[in-house]
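Structure at a glance
Chain by chain, the residues:
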Amino acid sequence: MKILLAVDGSPYTKKMLAYLATHEELIASAQSYSAISVQSALPPRARAALGKDTVDAYYAEEAAKVLDPVCEFLERHKLNPQRITKVGPAGELIAKEAVEGNYDLVVMGTHGLGALGKLVMGSVSTQVLANCSVPVLLIR
């Protein structure tokens with residue numbers, strides 16, 4: 001099974017990894033893992049003022065902060081994850097990667113906002129569910 005882990009470095013990512021660790025059927029060497037981190041785009045004026053190299057270095061550094069611990073966790077379980085970094089709207093890009101990458105499952109932590117919270121703040125997991133034809137496992 002080809003599994004896409006959507007990670008953001010939050011406590012909800014840690015809960016998702018803890019869930020994986022306790023479910024041998026998901027954390028088996030027969031699975032193929034990719035971890036995706038999506039960074040919010042800097043405002044255009046900031047990108048222009050900083051320059052492409054500085055902005056690219058910033059995005060790479062922020063992605064590494066999120067992906068390094070996740071990949072270390074998977075490597076401790078004898079898995080060799082692929083790293084994917086994107087910049088833009090998280091929910092849309094995660095769903096697009098899941099479909100275009102032919103993944104069998106997307107696994108992600110969720111903040112568990114109520115209906116009012118989703119209405120006011122939006123939710124990456126809600127956006128992934130709305131835009132993704134791949135099954136999604138939400139860990140709360």
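Residues numbered from 1 in each chain as written. Predicted model: local features only at pLDDT ≥ 70, side-chain atom pairs only at ≥ 80, totals over all residues. Heavy atoms only, no water.

**Quick word on the overall build of the protein chain**
Assigned secondary structure in the protein chain consists of six helices and five strands. Going from the N terminus to the C terminus, the protein chain shows its helices and strands as β-α-β-α-α-β-α-β-α-α-β. Relative to a compact globule of 140 residues, whose C-alpha radius of gyration would be 14 Å, the protein chain shows 15 Å and is just as compact. With the C-alpha coordinates aligned to their principal axes, the bounding extent of the protein chain is approximately 50 × 35 × 30 Å. Taken over 140 residues, the protein chain has a buried fraction of 40%. Long-range pairs, those at least 24 residues apart, make up 74% of the contacts in the protein chain between residues at least 6 apart in sequence. (Helix = DSSP H or I, 4+ residues; strand = E, 2+ residues; numbered from the N terminus. Rg over C-alpha atoms; globule rule 2.2 N^0.38 Å. Buried < 20%, exposed > 50% of the residue type's maximum accessible area, 1.4 Å probe, protein only. Contact = heavy atoms within 4.5 Å.)

**Comments concerning the packing of aromatic side chains**
In total, this model carries one aromatic pair according to the counting rule given. Measuring from ring centre to ring centre gives 5.8 Å for Tyr58 and Tyr59, while their planes differ by 55°; the resulting arrangement is tilted. Here Tyr58 falls in the partly exposed class, since its relative accessible area comes to 36%. A residue is classified by how much of its surface remains accessible, and Tyr59, at 10% relative accessible area, is buried. Looking at Lys2, its charged tip hangs above the ring of Tyr103, at a distance of 4.7 Å from the centre. (Phe/Tyr/Trp six-rings, centres within 6.5 Å; stacked < 30°, edge-to-face > 60°. Lys NZ or Arg CZ within 6 Å of the ring centre and 35° of its normal.)

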